[in-house]
Amino acid sequence: MEDYRKHKPVSGSPQLPPLDKNPRVPQNITKSRINNFMSGGGQFYSMGVHQALWKARYKGEPHVKLSVYSVPNLKRITFEEAMAGTYKEFKQNETTFGPSWSTHWFKVTIVIPELIAGEEVVFQWDMQSEGMIWSTDGVPLQGLTGGTAQSRHEYVLTRNANPGQDFTFYLEAACNGMFGVGDQNDAMVPDPNRYFRLIKADLVVPSHEIQDLYHDLDVVRGIAYNTNEDSVRARNALWTLNEVINQFIADDPKTWKQCKSLTSEFLSSRNGKGQHKVTALGNCHIDTAWLWPYEETKRKIARSWSTQLDLMNKYPDYIFTASQAQQYEWLKDLYPPLFKKIQKKEKDGQWEIIGGSWVEHDTNMPSGESLCRQMLLGQRFFEKYFGKRTKIFWLPDSFVLKQSGCDYFFTQKLSWNNINTFPLTTFWWTGIDNSRILAHLTPAETHGDGGGGPTPDMLERLKRMKDVYLEFHRGTYTTQALVKQGNRKGEVLLRDLEIISTMAAVLQSNPDLAEKYIYPADSITHLWKLLCLNQFHDCLPGSAIGMAYTDVHKALLLRHKAQSYIINSNRREDNYNAVDQDEENGFIVFNTLSWKRSEVLAAPKKKFSDDNTADNEDDKYIIAYETEDGNFMLENSNLKAKFNSDGQLIELIDERVMRGNLVSPGERGNTLVLYEDVPTYWDAWDVEIYHFQKRKTIEGSKSVQIVSKGPIKAELKFRQNISDRSCIEQTISLTCIGERIEFNNVVEWNESHKFLKVEFPWDLVTDHATYDIQHGVVRRSNHYNSTQDSAKFEVCGHKFSDLSEANYGVALINNCKYGYATQDNVQRLSLLRSPKGPDEHADMGQHAFKYAIYPHQGHFNNSNVVREAFEFNVPLSIRYAKGNAFREGVIVPSLFEISTPGGVIIDTIKLAEDDKGKAKTVILRLFEAYGGKQTVLLSSSLDIKSMEISNILEDNGEKLQPTFRSSFVISLTPFQILTLKATLN
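Calculation rules
- Residues numbered from 1 in each chain as written.
- Predicted model: local features only at pLDDT ≥ 70, side-chain atom pairs only at ≥ 80, totals over all residues.
- Heavy atoms only, no water.
- UniProt positions renumbered as here; feature names shortened; annotations may be inferred.
- Helix = DSSP H or I, 4+ residues; strand = E, 2+ residues; numbered from the N terminus.
- Buried < 20%, exposed > 50% of the residue type's maximum accessible area, 1.4 Å probe, protein only.
- Areas by Shrake-Rupley, 256 points an atom, 1.4 Å probe, with all protein chains shown as cover.
- Polar contact = N/O pair within 3.5 Å; in protein donor to acceptor, adjacent residues only side chain to side chain.
- Contact = heavy atoms within 4.5 Å.
- Pairing = 2+ DSSP bridges.
- Axes fitted to C-alpha atoms, helices over the stretch in contact; angles between N-to-C directions.
- Core = buried A, V, L, I, M, F, W, Y, C linked by side-chain atoms within 4.5 Å.
- Domains from an automatic or database assignment.
- pLDDT = per-residue confidence, 0-100.
- Phe/Tyr/Trp six-rings, centres within 6.5 Å; stacked < 30°, edge-to-face > 60°.
- Lys NZ or Arg CZ within 6 Å of the ring centre and 35° of its normal.
- Patch = residues over 30% accessible without salt bridge, like charges linked within 9 Å, V, L, I, M, F, W, Y side chains within 5 Å.
- Salt bridge = Lys/Arg side-chain N within 4 Å of Asp/Glu carboxyl O.

- Identification of the protein chain as alpha-mannosidase from Phycomyces blakesleeanus is taken from an unreviewed UniProt entry.
- Regarding the protein chain, the relevant UniProt record gives this comment under Catalytic activity (unreviewed entry): "Hydrolysis of terminal, non-reducing alpha-D-mannose residues in alpha-D-mannosides."

1. Some points on the overall build of the protein chain
Argument step 1. Each helix and strand counted, the protein chain has 15 helices and 46 strands in total.
Argument step 2. Counting all 985 residues of the protein chain, 55% fall into the buried class.
Argument step 3. With the model as given, the accessible surface of the protein chain reaches about 43,800 Å², and the carbon-plus-sulfur share is 49%.

2. Here we look at the side chain of K757
Argument step 1. Positionally, K757 belongs in strand β29 (residues 754-761).
Argument step 2. Assessed through its relative accessible area of 1%, K757 is described here as buried.
Argument step 3. At 2.8 Å, the side chain of K757 forms a polar contact with the side chain of E794.
Argument step 4. Setting aside chain neighbours within four positions, we find K757 in contact with T671, L672, V673, Y675, H691, F692, E794, A821, R828, L829, S830 and L831.

3. Some words on the pairing of strand β19 (residues 622-626)
Argument step 1. Note: β19 against strand β20 (residues 632-636), 5 bridges, orientation antiparallel. When the bridges of β20 are listed, A624 appears paired with L634.
Argument step 2. The loop that links β19 with its antiparallel partner β20 comprises 5 residues; one of these, G630, has a positive phi angle of about 85 degrees.

4. Overview of the sheet that holds strand β5 (residues 121-126)
Argument step 1. In space, the 4 strands of this open sheet follow the order β1-β11-β5-β8, with antiparallel pairing throughout. The open sheet has two free edges, formed respectively by β1 (54-59) and β8 (154-158), since each of these has just one partner strand. This sheet shows a mean twist of 30 degrees between the axes of neighbouring strands, independent of strand direction.
Argument step 2. Relative to strand β11 (residues 200-206), β5 runs antiparallel, the two being bridged by 5 bridges. What sits directly across from D126, in β11, is K200.

5. Some remarks on helix α7 (residues 325-334)
Argument step 1. By the criterion of burial, α7 is predominantly enclosed, with 7 of the 10 residues buried.
Argument step 2. Regarding α7, the residues found buried are A325, Q326, Q327, Y328, E329, W330 and L331.
Argument step 3. Buried residues belonging to α7 abut α6 (294-314), β12 (320-322), α8 (336-348), β13 (351-353), α9 (368-386) and α12 (521-533).

6. Quick notes on the sheet that holds strand β26 (residues 713-721)
Argument step 1. The strand order across the open sheet built from 9 strands is β25-β26-β27-β28-β37-β34-β33-β30-β31, with neighbouring strands paired in antiparallel fashion. The outermost strands of the open sheet, each flanked by one partner alone, are β25 (705-709) and β31 (776-781). For this sheet the average axis-to-axis angle between neighbouring strands, irrespective of direction, equals 20 degrees.
Argument step 2. Against the sheet, helix α11 (residues 481-506) makes contact with β34 (808-814) and β37 (845-857), and its axis sits at roughly 55 degrees relative to β37, the strand it touches most.
Argument step 3. Sitting on the sheet, helix α15 (residues 865-873) touches β28 (741-749), β33 (800-804), β34 and β37, and the angle it makes with β34 is about 20 degrees.

7. Thoughts on the nonpolar core
Argument step 1. Ranked by size, the top nonpolar core spans 79 residues in total, and within it W305, Y328 and F896 carry the most contacts.
Argument step 2. If one sorts the elements of this core by residue count, α6 sits on top with 7 residues.
Argument step 3. Taken domain by domain, the makeup of this core includes at least three residues from each of domain 1 (47-206) and domain 4 (893-984).
Argument step 4. L639, V663, L812 and I853 belong to the second-largest nonpolar core, a separate cluster that totals 48 residues.

8. Focus: the environment of H841
Argument step 1. For H841, the position within the fold is in the loop between β36 (826-833) and β37.
Argument step 2. Residue classification places H841 among the exposed residues on the basis of a relative accessible area of 55%.
Argument step 3. Taking the C-alpha atoms as reference, H841 lies 9.5 Å from Q480; in sequence the two are 361 residues apart.

9. Quick look at the confidence of the model for the protein chain
Argument step 1. Residue-level pLDDT values for the protein chain average 85, and 82% of them are 70 or greater.
Argument step 2. Here residues 1-5 scores under 50 on pLDDT; set against residues more than four positions off or in separate chains, the count is 5 contacts.
Argument step 3. Here residues 547-551 is modelled with pLDDT under 50, and outside its nearest four sequence neighbours on either side it reaches 16 contacts, counting other chains as well.

10. Quick notes on unusual backbone geometry
Argument step 1. Going from G98 to P99, the amide bond is cis rather than trans, its omega being 0 degrees.
Argument step 2. Along the chain, P99 turns up in the loop between β3 (96-97) and β4 (103-111).
Argument step 3. Cis rather than trans, the peptide bond between G710 and P711 has omega equal to 5 degrees.
Argument step 4. Here P711 is to be found in the loop between β25 and β26.
Argument step 5. Here W101, not a glycine, exhibits a phi torsion of approximately 75 degrees, which is positive.
Argument step 6. Following the sequence through the fold, W101 ends up in the loop between β3 and β4.

11. Regarding the packing of aromatic side chains
Argument step 1. Under the definition given, this model contains 38 aromatic pairs.
Argument step 2. Relative to F106, the ring of F90 lies with its centre 5.7 Å away and its plane at 65 degrees, an arrangement referred to as edge-to-face. Here F90, found in the loop between α2 (79-83) and β3, pairs with F106, found in strand β4; they are 16 residues apart in sequence, far enough to count as distant.
Argument step 3. Assessed through its relative accessible area of 0%, F106 is described here as buried.
Argument step 4. Taking the centre distance of 5.8 Å and the plane angle of 85 degrees together, the rings of F339 and Y385 count as edge-to-face. Of the two residues, F339 is situated in helix α8 and Y385 in helix α9; the sequence distance between them amounts to 46 residues.
Argument step 5. In this structure F339 comes out as buried when scored by relative accessible area, which is 4%.
Argument step 6. With relative accessibility at 25%, the residue Y385 sits in the partly exposed group.
Argument step 7. Here a set of aromatic residues connected by ring pairs shows up, and it is made of W305, Y318, F320, Y328, F339, W351, W358, F381, F382, Y385 and F386.
Argument step 8. In this structure, R233 packs its charged tip against the face of F266, placed 4.0 Å from the ring centre.
Argument step 9. Over the ring of F755 we find K757; its NZ or CZ atom is 4.7 Å from the centre of that ring.

12. What to know about the side chain of T766
Argument step 1. With respect to the element layout, T766 can be found in the loop between β29 and β30 (768-773).
Argument step 2. Here S804 takes part through its backbone oxygen, which lies 3.2 Å from a polar atom of the side chain of T766.
Argument step 3. Setting aside residues no more than four positions away along its own chain, T766 makes contact with N782, L803 and S804.

13. Structural notes on a nonpolar patch on the surface
Argument step 1. The grouping of I392, Y408, W428 and L438 at the surface amounts to a nonpolar patch, some 360 Å² of accessible area in total.
Argument step 2. You can see L438 is positioned in strand β17 (residues 436-441).
Argument step 3. By relative accessible area, L438 is classed as partly exposed at 30%.

14. Quick look at the environment of L203
Argument step 1. Assignment of secondary structure puts L203 in strand β11.
Argument step 2. By relative accessible area, L203 is classed as buried at 0%.
Argument step 3. Through-space distance from the C-alpha of L203 to that of L157 is 9.3 Å; in sequence the pair is 46 residues apart.
Argument step 4. Excluding residues that lie within four positions of it along the chain, L203 makes contacts with A56, R57, Y58, H63, V64, I110, V111, P113, V121, V122 and L157.

15. Some words on the pattern of salt bridges
Argument step 1. Overall, the coordinates contain 50 salt bridges when judged by the stated rule.
Argument step 2. With a closest N to O distance of 4.0 Å, E89 and K65 form a salt bridge. Pair noted here: E89 is in the loop between α2 and β3 and K65 is in strand β2 (residues 64-70), with a separation of 24 residues, a long-range link.
Argument step 3. Owing to a relative accessible area of 39%, K65 belongs among the partly exposed residues under this scheme.
Argument step 4. Across the pair E751 and R725 runs a salt bridge, and its minimum N-O distance is 3.3 Å. Remark: R725 occurs in the loop between β26 and β27 (727-735) and E751 occurs in the loop between β28 and β29; sequence separation between them is 26 residues.
Argument step 5. Residue E751 is classed as buried on the basis of its relative accessible area, which comes to 2%.

This is how it looks when you write it as structure tokens:
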């Protein structure tokens, strides 16, 4: 009797193809049939190919025995600690494991049944969470990922089982999924009380014939669905899939071979004479922190990379690549056996190091020196442990590159643009200094974030296929303001620390100093690693969960504490100008900028009778007073500013020029504006162009008061409610010598989906604004004439934004903000946001920050804006001294000076990485700040033996000839970064 299940084609003429008299099936119905056949579940599962992938399955005892040790207090413990725990038996169907972020260690004992002797046997585990399999001697073997998204459930026990054979291993289960413990909604807010159930802990035997067929079908379906559906290749693919369904019978091996013949024939055919060659490398993009904290990342790395090492053994042609030196260092310190395996695979050619930087960092907000250190730390690590540097810079998610040994740049994020489509995939990326590297851009949505990496299914597919403005995530310039403030402060403190430490180190030969100073190289490197870690592209931008920020703030506090200790421990205690009077006292001021400064300093009042009284030159004064019409004035010899009773600027006169009121007629500056901030999807990441349409001006308190009238510094102060939950207190100040007006703010912020900005409309006409960026500036249009212009409604800048006509301009300076929105003559600075996902408490609480306005003569290119912004961000460091610790005059001369400071900035002075504390090799990093070629004289108070041009990695280069003792003429091209290496006598 004929089997009714077998498909029988209708016969036709022997000279023609078989004639199919069945009704024509529409493509969409055929695709639905294919989807059902290949589905891993659903009502038709028993009729599909999935149910035949495994030919035997065993559950529970006597073949699978489980016991568990649940680690208390959400601790992440070592293997040795886990072995000391108490393991208890449990009922699989009646037990849940949690809460979120808890860890549970399972002891797994396997006994092979007699019926599967000689077979490959696989342990299949699914707790809907992440896990790691460990050997009994403490070696991590493979990671597991539960659930259905990017799942990895199988661990191969043996390729040839013996009856009664037993296996014992441990499974470290983390109560979080690949993407953390989100509450499964769009906000991705973590749920602290998620519990997980063990769905599978089975022994299974794979049906290799069916699995081989399934992988074929998967590739054929991809061709049918993802290529031009009207092409011959796509139609043939669809026919092949449909015919496989017609032929397939799950319990008939003969039909398996017939189906395999169909798929093999299709996959072996060539679509013309010319063929593409596909080269694929594996990668798992592991966010160093995002929806999980740093401590969980360390385990993700081990889970992901151990799995890839295992796949390399199974697929000898498989090559994997991974970036982020920080992750390699964590693996080296916490999982030494895995790190050694990676070193071996790298030598064998199956593991490629890539990236060059310490982490996959944000590229908008770190300072220029931070970007240099990212590459210095990363490349030196790879050079130390792998014997080479990487030439490919790698940022899947987000230029200093040429000087750090990178020739190529690989990225993906630009493909996310939501207004203008980025037009290129492979192109030359040119920096503001005219250096360029070859860049390649992959399509959008082609990588994950939670690790794991390629699966066996992906590699099986690969076997069958062998033969820059980002218009997105503009909200990240403002979200998590405390992290951004910590970053800017940390960068400034590290800069000061290195300069002052270098100063102490090179002066240690002074015979009058009893103790020798040891340059804290290891501590400085550690602090830079912490800073660079926190510049990861979800930490600094503010798009991670709250737990990650707990780590960030802890690291910042430790860094600041260490810096203060190092600086204070190196105060000079010499006997110069020793005095008999203990009461002689004063202040020692440290200026780490490369030019002389004149500033008004705040001194502790207990040291002096009046901290706002001093002798002034006749033309230097400052007064604050209230006018008859209820307005308030701040006035010195440079500026005269009028504020209304809400603290809004209604008039600003530059006394040095005849220009009139700088505030646009009928407008008010220092206006606080609250916008509704509801993006289309990515809450912490995005602000959308329509937010400008719904705004509220914050005013009405009429609370301005004069708190200081001069003669050194004058101050106004007001308090204004932002809402019934939030308020701002602002102090407006001007000093007797000041050329900028400062606004010091303390904000209690408890909003939801609101965006606070301050705006200044100026009586200026220009078509562009100039923004501070790393080691230079960039000009952007301030109008919306094109879609490209409109897409830049919110842009990133560092210390300032400047709006200039040909002969006059105003700079808006800040000490910790990065978001700007300049439109026509209106400058806006973004102050605070209040997204609710993935951190539902983002930015809630108190914030303190400053901004300033700096009117200047001339266009930005002829101004002192860069210097003024540096001075606003790099405060003078003051130390109180008395007795023989105090003396008047210059204590230590500047290590380096520039003949015409301002256009060329000395950004970094440090001992070389390979100096080994000898204080004989000093690294100096400069940059041209305005975009024009400059030749300057660099002079030093040090006894320099030789000076050579170096790079970010501090390699040796061309030697410079001195013009006279320790002085050198240097030329810099526009925005050039110049690293010099000075060897001392």
